Amino acid sequence: RVKGDDLPAGVNYCVFDAAVNSGTGRAAKWLQEAVGAVADGAIGPNTLAKVAAHDADSLVNAYCDIRLNFLKSLKTFDTFGKGWTRRVDGVRQAALDASRA
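What you see is a predicted model, and the numbers here were worked out from it, not measured in a lab. (Residues numbered from 1 in each chain as written. Predicted model: local features only at pLDDT ≥ 70, side-chain atom pairs only at ≥ 80, totals over all residues. Heavy atoms only, no water.)

**A short note on the overall build of the protein chain**
A tally of regular secondary structure across the protein chain gives five helices and zero strands. When the helices and strands of the protein chain are placed in sequence order, the string is α-α-α-α-α. The C-alpha atoms of the protein chain give a radius of gyration of 13 Å, which matches the 13 Å a tight globule of 101 residues would have. C-alpha extents for the protein chain along the principal axes are approximately 40 × 30 × 20 Å. The 101 residues of the protein chain split such that 38% are buried. Residue pairs at least 24 apart in sequence account for 56% of intrachain contacts in the protein chain once pairs closer than 6 positions are excluded. Accessible surface, the protein chain: about 5600 Å² in total, of which carbon and sulfur atoms supply 51%. Charge centroids of the protein chain, computed over 13 positive and 11 negative side chains, lie 7 Å from each other. (Helix = DSSP H or I, 4+ residues; strand = E, 2+ residues; numbered from the N terminus. Rg over C-alpha atoms; globule rule 2.2 N^0.38 Å. Buried < 20%, exposed > 50% of the residue type's maximum accessible area, 1.4 Å probe, protein only. Contact = heavy atoms within 4.5 Å. Areas by Shrake-Rupley, 256 points an atom, 1.4 Å probe, with all protein chains shown as cover. Lys, Arg positive; Asp, Glu negative; His and termini not counted. Charge placed at Lys NZ, Arg CZ, Asp CG, Glu CD.)

Structural data, given as structure tokens:
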């Protein structure tokens, strides 16, 4: 549902991890927001074309920033925020490592 095989190395990991933890629709919308596509939750040819027009490292950073900002907006961030932040930071680093390999 998140077209992981069609996404660049690193970006695919970000989107996959978000899909597992926040659902495929939200993960897709974050990707669409990061690339400037219509955030309808369905990754199609338009979204993939916009992904291809972006540098993988920049996209990883933009995606993780969007994800973390969403998490910070939740009323439970005070309780779970430290762990969520650690997770997103770890995903970011692993994704950047993968995109540079």
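**Some details on the pattern of salt bridges**
Here the structure, examined in full by the defined rule, presents four salt bridges. For Asp-65, the salt bridge goes to Arg-92, with nearest N and O atoms at 2.8 Å. Taken together, the residues span a long stretch of sequence, with Asp-65 in helix α4 (residues 56-73) and Arg-92 in helix α5 (residues 77-100) at a distance of 27 residues. Under the relative-accessibility criterion, Arg-92 is labelled buried at 16%. Several salt bridges converge on common partners, so that one network encompasses Asp-17, Arg-67 and Arg-87. (Salt bridge = Lys/Arg side-chain N within 4 Å of Asp/Glu carboxyl O.)

**Focus on the side chain of Asp-17**
With respect to the secondary-structure elements, Asp-17 resides in helix α1 (residues 11-22). Aside from chain neighbours lying at most four places away, what touches Asp-17 is Arg-67, Arg-87 and Val-91.

**Here we look at the packing of aromatic side chains**
According to the stated counting rule, one finds four aromatic pairs in the structure shown. Members of the aromatic cluster, each reached through a chain of ring pairs, are Trp-30, Tyr-63 and Phe-70. (Phe/Tyr/Trp six-rings, centres within 6.5 Å; stacked < 30°, edge-to-face > 60°.)

**Side note on the environment of Tyr-63**
By secondary structure assignment, the location of Tyr-63 is in helix α4. Considering only alpha carbons, one finds Tyr-63 and Val-35, 28 residues apart in sequence, at a separation of 8.8 Å. If sequence neighbours within four positions are ignored, Tyr-63 has contacts with Cys-14, Val-15, Ala-18, Ala-27, Trp-30, Leu-31 and Ala-34.

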